[in-house]
Every structure is written in structure tokens, then in C-alpha cells.
Amino acid sequence: MMERRNGRENQREMENEIRAFLKGAEGEEWFHPEERRKRETLAFLQAERRKQRFCPGKSFGERLLDQASWMSPASWLGQLAVLVLLLWLLGNTGWERRDVLLLVTACTPLPGVIGLVELLRSWQNNMWELEEACRYHLRQIQGMRLLVFGIADSIGAAAVFAMGFLEGYTVELLLLFFLFPLLVSDSVFLLLARTFRRGARGLVPVLGGFGMGLFWMYQAAWLQDVPGTLEEYTGPGTLAVLLAGSLGLLVFACARFLNETDKEEQKLWNCA
């Protein structure tokens, strides 16, 4: 008991000494720095702040160009090769138009295959974490890359339509045999991106594109060979429904792809 009382008294004495010291320090000069010294310190800190270089903000166009330059030359060459092939098929006058439409439709999954392999390259090379740590969120990166491919596909589609018009193809045929299967193929590949992630460097997406190309060839042959079917599907109402549905599917596929990217990222970060 005596020891406990002595300990409490010592603690109170120490607290009283600290309070007395602080009260006496209120009037001391070191406790209230001079205005001149304050100004000098602030000026020094401001000068040091101006020496610091922070990462400047980039416009949206600059960010897109950054992502476009990141993409491998093989993907751009592949996209260009597919475009040249489509233009060559449409400009070939030695074949029947039925066969040309079959081949054009069969080639529509190729841009999706190339884009999928490129989008998943970060995951296959285990570089996604490093890329995100550099500047942007992974979901933003993938979103910008999707937009870059969308712009490239739009330019390619405009060139295909221009060549088709020059060769006498109607807008209905180009919509039904080119644009519609292109949009649906891109949507399917994005929806299956999680499944293809491990095999993106191998033959899995290529085989998927090959199978989809055969499917579209079968559909194109059916549309042209069954009497009355082509006229039914090239009607304004039917074409409008098909295109609206394919665009809606593409928007949904892009949103789901980005959402799964975000979830997969959190899963890997929280793998402990």
C-alpha cells in the first residue's frame, strides 16, 4: 500500500512540474517564433515546393494515344491485314457475290480475336500490376484500350462500306453480312474474355474465332440460298432490330468485361 501511494504522489509531482514548465514557457521567445523567422521558413518551403515536379495531367486524347502506342505492332498489323483482306474480297470481280459475302462474313470474327489477345496481354505477361502502379487504374486502362479498338474498328468499317458501295453492294447487304456479325462476334469474345484469359497466348481464341467464322458462313449461306429469307432479313424493321440488339449486346459485353476486370483485380490484390 505504501509503495502504491508513493507511486501516485510521484506521478502527481511530475504532472505538476510539467504544467509549471508549460505555463512558464508561454512567455518564452522560443515558444513564439519571430515573424521574420516565420516568413523566412515559409519562403523556403514555397521555394522547395516549386522545385518539385509533379506528373502533369493529360488530356483524354493524349491518354488514348498512350494506350495506342502501348499496343503491340503485331496487333496493328493484324488489324490492317484483315482490313486489306476485306477490301480485296469486296473489290474482287472474278467471284460471285454470294461467295464474296460468305468470305466477308467469315472474316468478321478476326478483329475480335486480335483485340481479345491484345487486351489480355497484360494478364498473360503478368504485367497488369506493374501497369496499374505506374499511373492509371487497371479498369481505366482496359476501358481506354477498348475505346482505341472501337475507333480502329469504326474506321475499318467505314472503309469496308465505302468499298462495298463502290462495288455496287447495297447498304442492307453490308449491314447484314458485315456489321451485324462483326458486332456480335466482338460481344461474344468480350463475354468470354474470362474463359479465354489463360489461353489468350495459345490457340483458344483463334479456334473460337475459326468456329465463329464457320457459324457465320453457314448463316450467310442459309440467308442467300433459302428463297425469301434474304428479303425478309433485309427489311428495314428487321435490320433495325438486329442492329439495335447487337449494339446493346456490345455495350453490355463491354460493361461486363470492365466489371470483371475490376473484380479480378480486387481478388488478386486480396489473395492473402
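The structure under discussion appears in the preceding block.
Let me sum up the structure you'll find in this document. (Residues numbered from 1 in each chain as written. Predicted model: local features only at pLDDT ≥ 70, side-chain atom pairs only at ≥ 80, totals over all residues. Heavy atoms only, no water.)

Looking at the largest pocket, its volume works out to about 410 Å³. Considering the residues around the largest pocket, the lining is formed by 22 residues, among which Leu146, Phe149, Gly150, Asp153 and Asp186 are closest to the centre. Looking at the lining of the largest pocket, the elements that each hand over two or more residues are helix 6 (109–119), helix 9 (138–166), helix 10 (171–191) and helix 14 (236–269). Here the lining of the largest pocket takes eight residues from helix 9, the largest share from any one element. For the lining of the largest pocket, the class distribution of residues is 14 nonpolar, six polar and two charged. (1 Å grid on protein atoms, 1.4 Å probe; cavity = no way out; pocket = protein on both sides within 12 Å on 5 of 7 lines; lining within 4 Å. Points joined across faces, edges and corners; volume = space filled by probe spheres on them. Helix = DSSP H or I, 4+ residues; strand = E, 2+ residues; numbered from the N terminus. Nonpolar A, V, L, I, M, F, W, Y, C, P; charged D, E, K, R; others polar.)

Moving on to the pattern of salt bridges. The tally for this structure, following the rule as stated, stands at two salt bridges. The salt bridge involving Arg98 is made with Asp99; its shortest N-O contact spans 3.4 Å. The exposure class assigned to Arg98 is partly exposed, which follows from its relative accessible area of 29%. What makes Asp99 partly exposed here is its relative accessible area of 31%. Close ionic contact of Arg98 with Asp225 constitutes a salt bridge, the shortest N to O distance being 2.7 Å. Highlighted residues: Arg98 in helix 5 (residues 97–107) and Asp225 in helix 12 (residues 204–225), separated in sequence by 127 residues. For Asp225, a relative accessible area of 43% puts it in the partly exposed group. Salt bridges here are not isolated pairs; linked through shared partners, they connect Arg98, Asp99 and Asp225. (Salt bridge = Lys/Arg side-chain N within 4 Å of Asp/Glu carboxyl O. Buried < 20%, exposed > 50% of the residue type's maximum accessible area, 1.4 Å probe, protein only.)

Below, the discussion takes up the nonpolar core. Among the nonpolar cores identified, the biggest contains 48 residues, and Leu86, Val104, Tyr169, Phe177, Phe178, Leu190 and Phe257 are the most heavily contacted of them. Of all the secondary structure elements, the ones that give two or more residues to this core are helix 4 (73–91), helix 5, helix 6, helix 9, helix 10, helix 12 and helix 14. Residue contributions to this core peak at twelve residues, all from helix 10. (Core = buried A, V, L, I, M, F, W, Y, C linked by side-chain atoms within 4.5 Å.)

Here the focus is the packing of helix 9 against helix 10. One way to put it is that helix 9 packs onto helix 10 with a least axis distance of 11 Å and a crossing angle of 160°. As judged from the angle between their axes, helix 9 and helix 10 are roughly antiparallel. Helix-helix and strand crossings are classified by hand; for helix 9 and helix 10 the assignment is right-handed. Residues Leu146, Asp153, Ala157, Val160, Phe161, Gly164 and Phe165 of helix 9 pack against Val171, Leu174, Leu175, Phe178, Leu179, Asp186 and Leu190 of helix 10. The residue makeup of the contact of helix 9 with helix 10, split by class, is eleven nonpolar, one polar and two charged. (Axes fitted to C-alpha atoms, helices over the stretch in contact; angles between N-to-C directions. Parallel < 35°, antiparallel > 145°, perpendicular 65-115°, else oblique. Left-handed = near helix turned anticlockwise from the far one by under 90°. Contact = heavy atoms within 4.5 Å.)

With that settled, the discussion passes to a nonpolar patch on the surface. Together, Leu85, Trp88, Trp95, Leu103 and Leu110 make up an exposed nonpolar region whose accessible area comes to about 440 Å². Tracing the backbone shows Trp88 in helix 4. What makes Trp88 partly exposed here is its relative accessible area of 47%. (Patch = residues over 30% accessible without salt bridge, like charges linked within 9 Å, V, L, I, M, F, W, Y side chains within 5 Å. Areas by Shrake-Rupley, 256 points an atom, 1.4 Å probe, with all protein chains shown as cover.)

With that settled, the discussion passes to helix 10. Between its terminal C-alpha atoms helix 10 stretches 28 Å, which fits the 30 Å expected from 21 residues at 1.5 Å a residue. Taking the largest bend as the criterion, helix 10 deviates by roughly 30°, centred on Leu179, and proline Pro181 comes between one and four positions later. The buried fraction of helix 10 amounts to 16 of the 21 residues, a majority that puts the element mostly inside the structure. (Expected span 1.5 Å × (residues − 1). Bend = angle between axes of the 7 residues up to and from the residue.)

On to the environment of Leu247, then. Mapped onto the elements, Leu247 comes out in helix 14. By relative accessible area, Leu247 is classed as partly exposed at 46%. Placed 63 residues apart in sequence, Leu247 and Val184 show a C-alpha to C-alpha distance of 8.2 Å.

Turning next to the side chain of Thr229. The topology assignment puts Thr229 in helix 13 (residues 229–233). Beyond its immediate stretch of four places on either side in the chain, Thr229 contacts Trp222 and Leu223.

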